[in-house]
Amino acid sequence: MFFFLALLQFTLKSPVFELKGEGGKELLVKAELLGTFRPPAIFRSSYEYGILATFVFSLSLAKLLSPSKSIKDYLFFAFALLGVLICQTRNIYFYSLMSAFIILVIQYYQSIHKAIIKSLPFLFSILLHLLLFYLSFDAIYGDSASTGFADKSSTIVRYTYFIRLFEGYISTSHWYDYFLGWGLIQHAGDSSLISIFPDVFNDDDGTLGFDNLILSVFMYSG
């Protein structure tokens, strides 16, 4: 059902309907990002829909690589792959590629040379750091007018949040906070909390955004 709805939204370039939460607040975020339409299905964003699509894609790929497969499995895999592609979210594409890579390694583990297996974690770490450095420099010094999947505005916003968090809170803390944490969690917005952490929140409505799992764990527990 989710895939059919997402495909319909992608075809019509419209959310088709809007979900409402408490107080009539919209649950769906803006879908016209990165210069294209990103279908959210019934989720709050195309990213959340893409997480489900990646999960189904991974399961269908594993089934396709098993000895017992049928035409139905090929069709299911093709439909799951289409579900990943139409979400048009860069993180989801990365998750799908990594999931496929891990499944292939597990499937053909016995036929892969042990030296290659042992080097994979180091190779992955090196490539990930190179990608991080590239994205960082490109976001700061690259063409700010880029659009579509080359758009860097969201990356710049995240770096701005990180710098404000560091300068307003982390750099002024005691040394033991680095080990015990600050007990802070990502917050969608509460203006009454600004008076407690005036130098941390990103906007006037009290939004505290980390948008980074490692940073979130660090800010909470050290």
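Here the structure is shown first, and the text comes after it.
Residue indices begin from 1 for each chain and proceed along its sequence in written order. Selection of residues for local features in this predicted model requires a pLDDT of at least 70, selection of side-chain atom pairs for listing and counting requires 80 or more, and totals for whole chains, interfaces and linings are taken over all residues. Excluding hydrogens and water, the side-chain values take into account all heavy atoms of the structure.

**Notes on the overall build of the protein chain**
Threshold: A helix here means a DSSP run of H or I that spans at least four residues, while a strand means a run of E at least two residues long, and both kinds are numbered starting from the N terminus. Relative accessibility decides the category of a residue: with a 1.4 Å probe and only protein chains considered, values under 20% of the type maximum give buried, values over 50% give exposed, and everything between is partly exposed. Every residue pair with non-hydrogen atoms within 4.5 Å of one another is taken to be in contact. Surface accessibility in these figures is a Shrake-Rupley result with a 1.4 Å probe; residues are shielded only by whichever protein chains are displayed.
A tally of helices and strands in the protein chain yields eight helices and two strands. Per-residue burial over the protein chain gives 30% buried out of 222 residues. Across the protein chain, contacts joining residues at least 24 apart in sequence account for 58% of those joining residues at least 6 apart. On the protein chain, roughly 14600 Å² of surface is accessible, and the fraction owed to carbon and sulfur atoms is 69%.

**A word on the packing of helix 2 (residues 46–64) against helix 4 (residues 90–107)**
Selection rule: Helix axes are fitted only over the stretch in contact, all axes being lines through C-alpha atoms; the angle between N-to-C directions runs from 0 to 180 degrees. Here the angle decides the label: under 35 degrees means roughly parallel, over 145 means roughly antiparallel, 65 to 115 means roughly perpendicular, and every other value means oblique. In this scheme, a crossing is called left-handed if the near helix is turned counterclockwise away from the far one by less than a right angle; it is called right-handed if the turn is clockwise. Throughout, the ten residues Ala, Val, Leu, Ile, Met, Phe, Trp, Tyr, Cys and Pro are labelled nonpolar, Asp, Glu, Lys and Arg are labelled charged, and all others, Gly among them, are labelled polar.
Contact pair helix 2 / helix 4: the axes reach a minimum separation of 9 Å and the direction vectors enclose 20°. Taken together, the axis directions place helix 2 and helix 4 in an arrangement best described as roughly parallel. Considering the relative orientation of helix 2 and helix 4, their crossing is right-handed. In this structure, helix 2 contributes Y47, G50, I51, T54, F57, S58, L61 and A62 to the contact, and helix 4 contributes N91, I92, Y95, S96, S99, A100 and I103. Across the contact of helix 2 with helix 4, the residue classes tally to nine nonpolar, six polar and no charged.

**Brief notes about the packing of helix 2 against helix 3 (residues 71–86)**
At a minimum axis distance of 8 Å, the contact between helix 2 and helix 3 shows a crossing angle of 150°. In terms of axis orientation, helix 2 runs roughly antiparallel to helix 3. Judged by the sense of rotation from one axis to the other, the crossing of helix 2 with helix 3 is left-handed. Together, Y49, A53, T54, V56, F57, S60, L61, K63 and L64 of helix 2 and D73, Y74, F76, F77, A80, L81, G83, V84 and I86 of helix 3 make up the contact between the two elements. The residue makeup of the contact of helix 2 with helix 3, split by class, is 13 nonpolar, three polar and two charged.

**Observations regarding the packing of aromatic side chains**
To keep it simple, the criterion reads: Stacked, tilted and edge-to-face are the three classes assigned to paired rings of Phe, Tyr and Trp, where Trp is represented by its six-membered ring and a pair needs centres within 6.5 Å; plane angles under 30 degrees give stacked, over 60 edge-to-face, the rest tilted.
A complete count under the given rule lists nine aromatic pairs for this structure. With centroids separated by 5.8 Å and ring planes inclined at 80°, the aromatic side chains of F3 and F79 adopt a geometry described as edge-to-face. Placement of F3 in helix 1 (residues 2–12) and of F79 in helix 3 is noted, with a sequence separation of 76 residues between them. Judged by relative accessible area, F3 falls into the buried class, the value being 14%. When the centroid spacing of 6.1 Å and the interplanar angle of 65° are considered together, the rings of Y47 and Y95 count as edge-to-face. Residue Y47 is located in helix 2, and its partner Y95 is located in helix 4; the two are separated by 48 residues in the primary sequence. Among the aromatic residues, those joined into a ring-pair cluster are F3, F4, Y49 and F79.

**Observations regarding the side chain of S58**
Note that S58 resides in helix 2. Ignoring any residue separated from it by four or fewer positions in sequence, one finds S58 in contact with S99 and I103.

**Some remarks on helix 4**
Condition: Working rule for helices: expected span equals 1.5 Å times residues minus one.
Over its 18 residues, helix 4 extends 26 Å from the first C-alpha to the last, a length consistent with the 26 Å expected when each residue adds 1.5 Å. Among the residues making up helix 4, those that are buried are I92, S96, S99, A100, I103 and V105.

**Side note on a nonpolar patch on the surface**
Short version of the rule: Patch rule: a residue counts if its relative accessible area is over 30% and it has no salt bridge; like charges are joined within 9 Å, and nonpolar side chains (Val, Leu, Ile, Met, Phe, Trp, Tyr) within 5 Å. Salt bridge, as used here, is a side-chain nitrogen of Lys or Arg placed within 4 Å of a carboxyl oxygen of Asp or Glu.
A cluster of nonpolar residues, F94, F124, L128, L131, Y134 and L135, forms a patch on the protein surface that exposes about 520 Å² of accessible area. For the nonpolar patch, the leading source of residues is helix 5 (residues 114–141), giving five residues. When you line up the elements, F94 lands in helix 4. Owing to a relative accessible area of 33%, F94 belongs among the partly exposed residues under this scheme.

**Section: the environment of F76**
Position of F76 among the secondary structure elements: in helix 3. Each C-alpha atom, one on F76 and one on L61, is 9.2 Å from the other, the two residues being 15 residues apart in sequence.

**Topic: the nonpolar core**
The condition is simple: By convention a nonpolar core is built from buried Ala, Val, Leu, Ile, Met, Phe, Trp, Tyr and Cys residues, the set being connected through side-chain atoms within 4.5 Å.
The biggest cluster of nonpolar side chains holds 17 residues, and the ones touching the most others in it are Y49, F57 and L61. Of all the elements in the fold, those that place two or more residues in this core are helix 1, helix 2, helix 3 and helix 4. Sort the elements by how many residues they give to this core and helix 2 lands first, with six residues. Not counting residues up to four positions away in its chain, the partners in contact with L61 are F77, A100 and I103.

By themselves, these observations are geometric and do not establish any function.
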